Amino acid sequence: MPLKHAPLPDLRFVFQHGWGFSDACWREWLDLLARPCLVDNRGYWGSPCPIDCALTSPGFVLVCHSLGLHFLSPDLLARAGLLVVISGFAHFHGPMPIDGRFTRKHIKKMQSRLQSDPSGLIA
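Computed from a predicted model, the values in this text were never measured in an experiment.

Participant: Quick one: what's the story with the overall build of the protein chain, residue by residue and with numbers?
Facilitator: Helix and strand counts for the protein chain come out as four helices and four strands. If you list the helices and strands of the protein chain from N to C, you get β-α-β-β-α-β-α-α. When contacts within the protein chain are restricted to residue pairs at least 6 apart in sequence, long-range pairs at least 24 apart make up 48% of them.

Shown next as structure tokens:
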């Protein structure tokens, strides 16, 4: 007896690229999905184009690459129904709680410099 499946919901996908990439890294994914998608561009190459949380439907699939996970908006993360991390960091901060202070401090500096001097940050 065949299984009955409910139709797939019209899932919205949101993509967040990692450090030094652009929204172009998702082009082939977007072609394959053929579903509504939003793509963040952090502005390393060209003008930044951040995701407006108001455009997301609750329960969307959030796909993050690498350090992009650490640059997520807390509002965006809170609205996601599923988080997919590609090339994440199993041990980004190190094993001790004090290790995290160092990397969080440097990530905040990177975020600040991304706003003022994205080309210098990449260099």
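Participant: How would you summarise the nonpolar core if you had to cite specific residues and measurements?
Facilitator: Among the nonpolar cores identified, the biggest contains 10 residues, and these are V14, L38, I51, C53, F60, L62, C64, L72, L76 and A80. By residue number, the principal contributor to this core is strand β3 (residues 60–65), which donates three residues. Setting aside residues up to four positions removed in sequence, C64 forms contacts with Q16, L69, L72, L83, V84, V85 and I86. Within the second largest apolar cluster, six residues are counted, among which are Y44, L67, F71 and L114.

Participant: So what's going on with the environment of R27? Which residues, and what values?
Facilitator: Along the chain, R27 turns up in helix α1 (residues 27–33). A residue is classified by how much of its surface remains accessible, and R27, at 55% relative accessible area, is exposed.

Participant: Talk me through the packing of aromatic side chains; I want residue IDs and the actual numbers.
Facilitator: Counted under the stated rule, the structure contains four aromatic pairs. Seen in terms of ring centroids, F13 and F15 are 6.4 Å apart; in terms of plane orientation they differ by 20 degrees. Their pairing is stacked. According to the relative accessible area criterion, F15 is buried, its value standing at 0%. When the centroid spacing of 4.8 Å and the interplanar angle of 40 degrees are considered together, the rings of F15 and W26 count as tilted. Residue F15 is located in strand β1 (residues 13–16), and its partner W26 is located in the loop between β1 and α1; the two are separated by 11 residues in the primary sequence.

Participant: Give me the lowdown on the confidence of the model for the protein chain, citing residues and values where you can.
Facilitator: Interpreting fine coordinate detail is not advised for predicted regions of low pLDDT. Overall, the predicted model of the protein chain reaches an average pLDDT of 80, with 88% of residues at or above 70. Under a pLDDT of 50 for its full length, residues 1–6 has, in the predicted model, zero contacts with residues more than four places off or in other chains.

Participant: Please give an account of the sheet that holds strand β4 (residues 80–86) that cites residues and values.
Facilitator: Across the sheet, four strands lie side by side as β2-β1-β3-β4; this open sheet has parallel pairing. This sheet does not close on itself; its edge strands, each paired only once, are β2 (37–39) and β4. The mean angle between the axes of side-by-side strands here comes to 20 degrees, regardless of whether they run parallel or antiparallel.

Participant: Can you tell me about the pattern of salt bridges, naming the residues and giving the values?
Facilitator: Going through the model one piece at a time under the given rule, you end up with two salt bridges. Note that R42 is salt-bridged to D40, the shortest N-O span being 3.7 Å. The exposure classification of R42 matches that of D40, with both residues buried. One salt bridge connects D117 with R113, and the closest N-O pair in it is separated by 3.3 Å. Among the residues examined, D117 registers a relative accessible area of 31% and is labelled partly exposed.

Reading guide: rules and limits
- Residues numbered from 1 in each chain as written.
- Predicted model: local features only at pLDDT ≥ 70, side-chain atom pairs only at ≥ 80, totals over all residues.
- Heavy atoms only, no water.
- Helix = DSSP H or I, 4+ residues; strand = E, 2+ residues; numbered from the N terminus.
- Contact = heavy atoms within 4.5 Å.
- Core = buried A, V, L, I, M, F, W, Y, C linked by side-chain atoms within 4.5 Å.
- Buried < 20%, exposed > 50% of the residue type's maximum accessible area, 1.4 Å probe, protein only.
- Phe/Tyr/Trp six-rings, centres within 6.5 Å; stacked < 30°, edge-to-face > 60°.
- pLDDT = per-residue confidence, 0-100.
- Pairing = 2+ DSSP bridges.
- Axes fitted to C-alpha atoms, helices over the stretch in contact; angles between N-to-C directions.
- Salt bridge = Lys/Arg side-chain N within 4 Å of Asp/Glu carboxyl O.

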